[in-house]
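Chain by chain, the residues:
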Amino acid sequence: MTRRLALLVNPASGRGRFAGAVDAVADRLASGGFQVTRMVGGDAAESAGFAGSAVADGYDALVLMGGDGLVHLALQHVVASGTVLGVIGTGTGNDVSRALGIPARAPLEAVEVILAGETRKMDVGSAGGTYFATVLAAGFDSLVAERANAMTWPAGQMRYNLATLAELRVFRPIGYTLELDGQQRRREAMLVAVGNCPSYGGGIRICHGAEIDDGLLDVVVIKPVSKLELVKVYPRLFKGTHVSHPAYELHRVRSVTVDAPSVVAYADGERLAPLPVTVEVVPGAVTVFAPGP
């Protein structure tokens, strides 16, 4: 029996660089035995609606051609369903693709992973009932996101660069209350990150060592450092070598509540809610096309 596949596309992901590859992706999926229905989301609401309808209509697979934001939208519908998720990472970050070992910004290579038919289970984090795949940010990084979102100029990565510099100028360590599997801790810190997978922001391995299917959340605390030291350590985040820095602290838990004044949590790059936020791991919540671990 021919399997039904919904191909949900964000044509603006990666600044539209891969919009011309949609036909080739759809044709290759069809030649591999899928009955393909294309769904092109004009905005986040429309994309979420398409994802919900694909699951409700009983499609065998929902394949996403976009970035981590599109994965985030789809998770709200795919979790605990019988729909298999496919990820063709064409965004700027593609941290979900990276965690699953799927080629990013290479649509036809990612299609071959889907056609190979190998699947694995993926955990997700649940933050107040909102699911996320990558990392929940709550600190300096989320304050930068808040500042960048309030800016109207410039566009793209430069906006975040300027927001980072502006936030760095005024930032002070934050007083956190953490509840880690029921054990309360208080910390002064630059940030707290809750990772379901190792990276966010396009390869920033803040939760280096996190596994996407181990049934645990990696809670990383970066304790106070000088602004100069923060700038010096930043390049190490892309390699994961910051884990040897004395300011780094790690806890592996199934549940964490993060509380701090005037901090808004972000996850998968999307704004969630002001703290406090309780995050729980949902083991094996989604079946995804991916090479074996």
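Before reading on, note that the structure itself is shown above.
Residues numbered from 1 in each chain as written. Predicted model: local features only at pLDDT ≥ 70, side-chain atom pairs only at ≥ 80, totals over all residues. Heavy atoms only, no water.

Trainee: Tell me about a nonpolar patch on the surface, and name the residues and values.
Mentor: On the surface, W153, M158, L162 and L165 cluster together into a nonpolar patch covering about 470 Å² of accessible area. For L162, the location among the structural elements is in helix α7 (residues 157–170). On the basis of relative accessible area, L162 is assigned to the partly exposed category, the value being 33%. (Patch = residues over 30% accessible without salt bridge, like charges linked within 9 Å, V, L, I, M, F, W, Y side chains within 5 Å. Areas by Shrake-Rupley, 256 points an atom, 1.4 Å probe, with all protein chains shown as cover. Salt bridge = Lys/Arg side-chain N within 4 Å of Asp/Glu carboxyl O. Helix = DSSP H or I, 4+ residues; strand = E, 2+ residues; numbered from the N terminus. Buried < 20%, exposed > 50% of the residue type's maximum accessible area, 1.4 Å probe, protein only.)

Trainee: Go over the environment of G16, please, and point to the residues and values.
Mentor: Position of G16 among the secondary structure elements: in the loop between β1 (3–9) and α1 (22–31). Along the sequence, G16 and G129 sit 113 residues apart, while their C-alpha atoms lie 31 Å from each other.

Trainee: Just give me the short version of the sheet that holds strand β12 (residues 248–253), but keep the residues and values in it.
Mentor: The sheet built from 6 strands is open, its strands ordered β12-β11-β10-β7-β14-β15 with antiparallel pairing. With partners counted over all chains shown, the strands left at the sheet margins are β12 and β15 (270–274), one partner each. Across the sheet, the axes of successive neighbouring strands diverge by a mean angle of 20 degrees, strand direction being ignored. For strand β11 (residues 217–222) and β12, the ladder comprises 6 bridges, and the chain directions are antiparallel. In the strand pairing of β12, I222 is matched with Y248. (Pairing = 2+ DSSP bridges. Axes fitted to C-alpha atoms, helices over the stretch in contact; angles between N-to-C directions.)

Trainee: With reference to specific residues and values, describe the nonpolar core.
Mentor: Soluble globular proteins tend to bury their nonpolar side chains together. By size, the foremost hydrophobic cluster in this structure holds 48 residues, and its most contacted members are L7, L62, L85, M122 and V286. Excluding its chain neighbours within four sequence positions, the residues that come into contact with L62 are A6, L8, A51, A54, A74, V78, T83, V84, L85 and G86. (Core = buried A, V, L, I, M, F, W, Y, C linked by side-chain atoms within 4.5 Å. Contact = heavy atoms within 4.5 Å.)

Trainee: Residues and numbers for the packing of α1 against helix α5 (residues 107–116), please.
Mentor: Interhelical geometry of α1 versus α5 gives an angle of 20 degrees and a closest axis separation of 10 Å. Taken together, the axes of α1 and α5 are roughly parallel relative to one another. Between α1 and α5 the crossing geometry is right-handed. Contacts between α1 and α5 pair A24, V25, R28 and L29 from the former with P107, L108, V111, E112, I114 and L115 from the latter. When the residues that make up the contact of α1 with α5 are grouped by side-chain class, the tally is 8 nonpolar, no polar and 2 charged. (Parallel < 35°, antiparallel > 145°, perpendicular 65-115°, else oblique. Left-handed = near helix turned anticlockwise from the far one by under 90°. Nonpolar A, V, L, I, M, F, W, Y, C, P; charged D, E, K, R; others polar.)

Trainee: I'd like a description of the state of the cysteines, backed by residues and values.
Mentor: The tally for this structure, following the rule as stated, stands at 0 disulfides. The closest cysteine sulfur to the non-disulfide-bonded C197 is located on C207, 8.1 Å from its own sulfur. We classify C207 as buried; its relative accessible area is 0%. (Disulfide = S-S within 2.5 Å.)

Trainee: Let's hear about the pairing of strand β16 (residues 277–289): which residues, and what values?
Mentor: Summarising the sheet, strand β5 (residues 119–127) and β16 pair through 8 bridges and their orientation is antiparallel. Its bridge partner being in β16, K121 is matched across the sheet by T287. In this sheet, β16 lies alongside strand β13 (residues 255–259) in antiparallel orientation, the contact comprising 4 bridges. When the sheet's bridge partners are listed, T257 is paired in β16 with T278.

Trainee: An account of the environment of V277 is needed here, citing residue identities and associated values.
Mentor: With respect to the helices and strands, V277 occurs in strand β16. Expressed as a C-alpha distance, the spacing of V277 and S126, which sit 151 residues apart in the sequence, is 9.9 Å. Residues in contact with V277, not counting those within four places in the same chain, are A127, L136, V256, T257, V258 and A265.

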